[in-house]
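Working through the structure, step by step
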Amino acid sequence: MLLSALIIEAIDLEALIDEIYKRAAELALDGNIARELTGLAGEELDHASLLRAGRNYLTRAPEAFGEATISREELLQGLKATRELLGMIEGKKLLLSQILERLMKLEIQFEKIHLQTIVEIKDENLKKLFQKLSGEDRKHTERLSRLLESLK
């Protein structure tokens, strides 16, 4: 599979997570929780923008990239789980706390995906971009944990 297509699927994943955070924010009765979830949604859009920058870099400097370090199946598994969660939210099948718990699991999975950097990166500056994504996913997990605690 082309690296560019793999990155596009990763961008799609970030957009889906953004939508889930927005939907979760709409369900939050507490204004502080709603604001935190809205902020997380915005950060997912930032992640998508960073991935787009990486994809653009790929077209201009393909030599900066090596082989894919995750399988397409791994990425598709994440997309599937994310779409399923969004479907459950749309079907009103989950409480906010259940959504946040599932989001935490997804963020942990995405942290690993970003830490593996999706593709081998030879360029140090570009490698830092993917490490930043991984670090932000870890922070999202921590923030979700705090939000879950506040719901108890």
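My aim in this report is to walk through the structure given alongside it, one point at a time.

For the protein, the helix and strand inventory stands at five helices and two strands. Going from the N terminus to the C terminus, the protein shows its helices and strands as α-α-β-α-α-β-α. Relative to all contacts within the protein whose residues are 6 or more apart in sequence, the contacts with residues 24 or more apart total 81%. As displayed, the protein has an accessible area near 8100 Å², and 51% of this comes from carbon and sulfur atoms.

Turning our attention to unusual backbone geometry. Positive phi, close to 55°, is recorded for lysine 92, a residue that is not glycine. In this structure, lysine 92 sits in the loop between helix H3 (72-90) and helix H4 (96-115).

By the definition in use, this model includes six salt bridges. A salt bridge links arginine 23 to glutamate 19, with the nearest nitrogen and oxygen atoms 2.8 Å apart. Of this pair, arginine 23 and glutamate 19 both sit in helix H1 (residues 3-27), four residues apart, roughly one helical turn. Residue class for arginine 23 comes out partly exposed when judged on its relative accessible area of 23%. When the shortest N-O distance is used, the salt bridge between glutamate 43 and arginine 143 registers 2.8 Å. Taken together, the positions of glutamate 43 in helix H2 (residues 31-60) and arginine 143 in helix H5 (residues 124-151) put the pair 100 residues apart, joining distant regions of the chain. Overall, glutamate 43 belongs to the partly exposed group, its relative accessible area being 24%. A single salt-bridge network, built from bridges that share partners, covers Glu19, Arg23 and Glu90.

Here we take up the nonpolar core. Counting 41 residues, the largest nonpolar core has Ile20, Tyr21, Leu37, Leu100, Leu103 and Leu144 as the members making the most contacts within it. Among the secondary structure elements, those contributing two or more residues to this core are H1, H2, H3, H4 and H5. In terms of residue count, H1 provides more of this core than any other element does, 12 residues in total.

Calculation criteria
Residues numbered from 1 in each chain as written. Predicted model: local features only at pLDDT ≥ 70, side-chain atom pairs only at ≥ 80, totals over all residues. Heavy atoms only, no water. Helix = DSSP H or I, 4+ residues; strand = E, 2+ residues; numbered from the N terminus. Contact = heavy atoms within 4.5 Å. Areas by Shrake-Rupley, 256 points an atom, 1.4 Å probe, with all protein chains shown as cover. Salt bridge = Lys/Arg side-chain N within 4 Å of Asp/Glu carboxyl O. Buried < 20%, exposed > 50% of the residue type's maximum accessible area, 1.4 Å probe, protein only. Core = buried A, V, L, I, M, F, W, Y, C linked by side-chain atoms within 4.5 Å.

So yeah, pure geometry; function would need other evidence.
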